[in-house]
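# Residue-level structure breakdown
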Amino acid sequence: MDKSTIVCRCEEINVDEIETVLKMGAETFDDVKRITRCGMGPCQAKMCVKHVSNLISEYTGKPLAEIPPARARMPLKITRMRVLAGTESHASTVKAVFEEGDPDEK
Amino acid sequence: MKSRTHAEAYDVVIIGAGVIGNSIAYHLSEQNSQNILVIDKSFPLSGTSGSTQAWVWVHTKTPSSYGELSLFSSELYPYLERKIGDVEYKRTGGLAPFFTEEEREKALKLAESQAKVGIDIKVLSRDEVLKKEPSFSPNVVGATFSSIDGNVNPFRLLELYTRAAEKNKVDYSFYNPVVDIEQQGDGYMVHSEKGVFRTKKLILAGGPWSKQLGSFIGLDIPVKLVRGQVLITEPLAPLLNYTIGGIRQANNGEVLIGYSKEEVGYNRQGTLDVIQETANMAVSFVPALANANVVRSFSGVRVVPEDGLPIFGEIPGRKNLYIATMHSGITLSPVIGTLMSELISSGETSLPIEKYSISRFA
Amino acid sequence: MNIDLLVVGGGPAGLMAALEAAEYGVNVAIVEESSRLGGQLRQQTQYLSPLPSGIGEIRGFELANELVEAVTFNKHIVTYTNHTVIGLYEDGSVGINNGKEIIRCETKKISVATGADIQGVLFPGWTLPGVLTVGAAQILVNRERVKPGNEAFIVGSSDFSIEVALQLYDVGINVLGIVETETSLHDRKQENLYRLKEKNIPILENSYIEQAKGRGQVEKVILNQNGNKEEYDVDLICVDGGLNPVIELCQLYNCSFAFNEILGGWLPTYQANFETSTDGVFIAGNTAGITNQGAVMVTGKLAGLGAAESLGNVPEQAADVWRNNYWSELAKLENYQVNEARTCHIQNFETSKTKVYET
Ligand SMILES: Cc1cc2nc3c(=O)[nH]c(=O)nc-3n(C[C@H](O)[C@H](O)[C@H](O)COP(=O)(O)OP(=O)(O)OC[C@H]3O[C@@H](n4cnc5c(N)ncnc54)[C@H](O)[C@@H]3O)c2cc1C
Ligand SMILES: Cc1cc2nc3c(=O)[nH]c(=O)nc-3n(C[C@H](O)[C@H](O)[C@H](O)COP(=O)(O)OP(=O)(O)OC[C@H]3O[C@@H](n4cnc5c(N)ncnc54)[C@H](O)[C@@H]3O)c2cc1C
Ligand code: FES
């Protein structure tokens, strides 16, 4: 396996890009994911999480048992916006920006 | 990256490798050759900076003085990019839609007050909104618009701050929680899991964990935690021309939606309730999003000072102890880094910062 | 929807869990993401063995049909295909996508039987069309009746990939060999090894794929065997990088997790009744550790029994008797190492929680 071998197919991230983050001190799949986007593709890491964990284990010398799994995120499966939106009108926690004067609040 | 195991002396120790801590480290390292260490209990982007909408947003920030600070910061972005590299900063212009006529009144008032500090806002009619952003819902009544707003890639931003600082010989210690802080004369001893560091100056940039850092040294940091959940679609063909309050399209075509506000402490587990409300908002703003696939959501914990405004500067009565904690840190990081590094190295700042001192809560 | 037990996943484990619980009068709903019940059994054309006592010689898809029939005619069980669990609401109720809207389901207990994901194998060129997992190849051949290629290598020599090698051979694909990095193989099903020999399919030990090449599709493979490189013309590479339990729903339930290599990696910790550290959340089948189909069925029974007991539908003593029976059956059916690992995993729940990782 050479450095240009693809690890994450969805986002086309190779071994070299992952090793660069490991050199910075990354220790978990989510660390690698945020910097490289590896795992953020349509399969949501199903195809790459194991490979990345193996690379982390090789690089850091830590056993796989110390490399936590990727965090689960909803929706667990790709879901059409229309289906999620349903018919109820939106409630209190999500507000129109202007109503608050500031998009991230104050 | 060296792993640091025993006591070492630094000129400056920064606790927190989020966008705020790293911006300060980078700007400080550009100014002079101080010995700087950044410590993080985890890895960059594990805190709020890795779970953010990342708008560089100005025009609706009030009071105007806060709007002005945001304006300065966004004006620094192009220069920052020239120095640290491409952080995918795009000044798209920002639209904040409204859906009732009463809101138009408020919009006009906002435009008037922001004009005084140089933030140019247009209040658009329905037709003007739809002309600018044809995919927007025809139910819109109007919008405020400013060309100064935009967005940035937060992952790239933090990575490049870190790399630039590293190049300037800043040391990093990751996966190293700070467990106690001790004042010693004019300096501080920082106790961490991997060892003790002695430093002349100490900066608390712990984001949502600021309260805990304060407690190590007997300070109450008046902030609250506010969770936000954001939906992400699959990459879509170009759909949005502007950064819209609540929705933006990233460079790769993904659309990010939402910003719920929930006070649930550090809990980052999302809920379907909010995800569905957010989807609902997406469709009512931009009806075409109904056909998009949602691939994931994420949630982040904002740290929000009790009065909503940033807290930064030296802590009164504690020599050489500084703090920088705020919401909208992505927008503000260039200006905060600049002002804090001025303050730390010379004791003076190019803009007045008194109103952001923590002493206002006393 | 308002029920006693929600079973997520309509594979053999989920179906058995539902049938077992229904025996005791529990009202069960099964939700299955795909359009049909049966899970991975649906494309198993081979005769299954070993199977729980009382089940005669039967092929995988035939067994699936029998289980589906039993479930369909059970008055305590309702089934929902094309229904996908996508997450949880704040109050703990389950969100299910039926294709039109999200249904909110309140249930007293839940049994997670979402199966396993099959992993790929990394080598330069693995993203070329023509490289598939053995699972995908099996679905194409047995379910879709599509021949994915003509000249093939199989990568990885688990019983499962050997099974698939034989099935590819049967539809006229020339299998050049089964590539295996290890140098000695043990624990493989003897009869399958015998059938491989019969069909002249070698297991190539101490070897790996150095590279796959081709324009827009696999055309050539460079194989490294005992340090020697050789190029072959192939248009199909079927890889088996192992199975991992699908644990996302358990993560949302905040279950504790432990890593167990033999059981397939990270999985929820659980007790002898297959209940996890989160009250009312049971797991079954491959989600509770990768094992063979016969054993998967018994884990389903254990989870169904556990749920029925905790609902008060089975007296504790009776439940214990049945549970012991099922556990001895499980020990008989599954590979010794797997059973050891499972026992160890369960002790881990009871004795120490130190190695437990919480997401
Ligand atoms: C949903 C959401 C949307 C947002 N949208 C926007 C937006 O559009 N525009 C905008 O400008 N802002 C936005 N924000 C806010 C912005 O993301 C934050 O203001 C910013 O990221 C804060 O950065 P920080 O460096 O202060 O905190 P963080 O990124 O959280 O960094 C703090 C660091 O300190 C470390 N730390 C804490 N305690 C210790 C300890 N004891 N020892 C060692 N290390 C420690 C942590 O590990 C962490 O890495 C949003 C936030 C959320 C949640
Ligand atoms: C691709 C593949 C091929 C296999 N081939 C063999 C073989 O040849 N021989 C062998 O001995 N073993 C094989 N196995 C192992 C086999 O999975 C088990 O023997 C057995 O089928 C597992 O049963 P199960 O009920 O645990 O899972 P599965 O049979 O996988 O059933 C899980 C079910 O859950 C459904 N599901 C998952 N998530 C959700 C959700 N969120 N909402 C609703 N439904 C959901 C899935 O659609 C699926 O139908 C294979 C496994 C895989 C993954
Ligand atoms: S392969 Fe990495 S996200 Fe799909």
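The rules behind the values
- Position numbers for residues count from 1 along each chain, tracking the sequence in the order it is written.
- Each chain takes a letter, starting from A, and each ligand takes a number, starting from 1, following the order in which they are written.
- Only residues with pLDDT of 70 or above have their local features reported here, since the model is predicted, and side-chain atom pairs are shown and tallied only from 80 upward, although totals for entire chains, interfaces and linings are computed over all residues.
- The side-chain figures draw on all heavy atoms in the structure; neither hydrogens nor water molecules are used.
- Should any heavy atoms of two residues lie within 4.5 Å, those residues are counted as being in contact.
- A 1.4 Å probe defines the accessible area here, and the buried area is the portion of it lost by two parts on being joined, summed over both.
- In what follows, salt bridge is the name for a side-chain nitrogen of Lys or Arg lying within 4 Å of a carboxyl oxygen of Asp or Glu.
- Under the rule applied, a polar contact is a pair of N or O atoms within 3.5 Å (in protein, one hydrogen donor and one hydrogen acceptor; residues adjacent in sequence only if both atoms are side-chain atoms).
- Numbering of helices and strands runs from the N terminus, with a helix taken as a DSSP run of H or I at least four residues long and a strand as a DSSP run of E at least two residues long.
- Any residue outside Ala, Val, Leu, Ile, Met, Phe, Trp, Tyr, Cys, Pro, Asp, Glu, Lys and Arg is labelled polar, Gly included; the first ten of those are nonpolar and the last four are charged.
- One less than the residue count of a helix, multiplied by 1.5 Å, gives the span that helix is expected to have.
- Each residue is assigned to one of three classes by its accessible area relative to the maximum for its type, calculated with a 1.4 Å probe on protein chains only: buried under 20%, partly exposed between the two thresholds, exposed over 50%.
- Here an angle of 0 to 180 degrees is reported between the N-to-C directions of two axes, which are lines fitted to C-alpha atoms, with helices fitted over the stretch in contact.
- In this scheme, roughly parallel covers angles under 35 degrees and roughly antiparallel covers those over 145, while 65 to 115 is roughly perpendicular and the rest are oblique.
- Put simply, a crossing is left-handed when the front helix is turned counterclockwise from the back one by less than a right angle, and right-handed when it is turned clockwise.
- Nearness of a residue to a molecule or strand requires only that one of the residue's heavy atoms be within 4 Å of it.
- DSSP calls a pair of strands paired once it identifies at least 2 bridges connecting them.
- UniProt positions are given in the numbering used here, feature names are shortened, and annotations may be inferred rather than shown by experiment.

The name recorded for chain C in an unreviewed UniProt entry is Sarcosine oxidase subunit alpha, from Thalassobacillus cyri.

For chain B, the name recorded in an unreviewed UniProt entry is Sarcosine oxidase subunit beta, with Thalassobacillus cyri as its organism.

### Observations concerning the interface of chain C and chain B
Contacts between the two partners involve eleven residues from chain C, matched on the other side by five residues from chain B. Both sides of the chain C and chain B interface together cover about 650 Å² of buried area, and 49% of this is carbon and sulfur. Applying the counting criterion to the chain C and chain B interface returns one salt bridge. For C:Arg104, the salt bridge identified is with B:Asp273, shortest N-O distance 3.2 Å. Run the count over chain C and chain B and you get four residue pairs in polar contact (both at pLDDT 80 or more). Elements supplying a minimum of two residues to the side of chain C that touches chain B: β4 (84-88), β6 (102-112) and α6 (248-252) of chain C. Here the side of chain C that touches chain B gets three residues from one element, more than from any other, and that element is β4(C). Here the side of chain C that touches chain B is built from residues that sort into five nonpolar, four polar and two charged.

### Here we look at helix α1 (residues 12-23) of chain C
Residue and element names in this part refer to chain C. Look at α1: 17 Å from first C-alpha to last across twelve residues, which is about the 16 Å you get at 1.5 Å a residue. A large share of α1 lies buried, amounting to eleven of its twelve residues. Buried residues of α1: Pro 12, Ala 13, Gly 14, Leu 15, Met 16, Ala 17, Ala 18, Leu 19, Glu 20, Ala 21 and Ala 22, and no others. Looking one or two residues beyond α1, the residue adopting positive phi is Gly 25, at roughly 80°.

### What to know about the packing of helix α1 (residues 15-24) of chain A against helix α3 (residues 49-60) of chain A
All names here are of chain A. Running from N to C, α1 and α3 point in directions that differ by 50°, and their axes come no closer than 11 Å. Judged on the interaxial angle alone, α3 and α1 are oblique. Handedness of the α1/α3 crossing: right-handed. Along the contact surface, α1 presents Val 15, Ile 18, Leu 22 and Lys 23, while α3 presents Val 52, Leu 55, Ile 56 and Tyr 59. Partitioned by chemical class, the residues of the contact of α1 with α3 number seven nonpolar, no polar and one charged.

### Concerning the packing of helix α5 (residues 154-167) of chain B against helix α8 (residues 329-346) of chain B
Two measures define how a pair of helices packs: the angle their axes make with one another and the distance between the axes. All names here are of chain B. Running from N to C, α5 and α8 point in directions that differ by 25°, and their axes come no closer than 11 Å. Compared by their axis directions, α5 and α8 come out roughly parallel. Pair α5 / α8 crosses with left-handed handedness. On the side of α5, the interface is formed by Pro 154, Leu 157 and Tyr 161, while α8 contributes Ile 330, Ser 333 and Pro 334.

### Concerning the site of ligand 2
Neighbouring ligand 2 are 30 residues; C:Glu32, C:Gln44, C:Phe160, C:Asn286 and C:Gln293 lie closest to it. Looking at what sits near ligand 2, you find residues from chains A and C. At 2.6 Å from an oxygen atom of ligand 2 is found a side-chain nitrogen or oxygen belonging to C:Gln44. C:Gln138 is positioned with one of its side-chain polar atoms (N or O) 3.4 Å from an oxygen atom of ligand 2.

### Concerning the sheet that holds strand β13 (residues 220-225) of chain C
Consider a sheet: its strands pair through backbone hydrogen bonds, and that pairing is either parallel or antiparallel. Residue and element names in this part refer to chain C. Pairing in this open sheet of three strands is antiparallel, and the strands run β12-β13-β14 from one edge to the other. Across the chains shown, the open sheet's two edge strands, defined by having one partner strand only, are β12 (207-213) and β14 (228-233). The mean angle between the axes of side-by-side strands here comes to 25°, regardless of whether they run parallel or antiparallel. Two elements, β12 and β13, share six bridges in a ladder whose sense is antiparallel. Each residue of the ladder has a partner; that of Ala 212, found in β13, is Val 221.

### Here we look at the UniProt feature "domain: FAD/NAD(P)-binding" (unreviewed entry) in chain C
In the UniProt entry, the feature "domain: FAD/NAD(P)-binding" (unreviewed entry) is given for residues 4-288 of chain C. Taken end to end, residues 4-288 of chain C comprises 21% helix and 32% strand; its first and last C-alpha atoms sit 21 Å apart.

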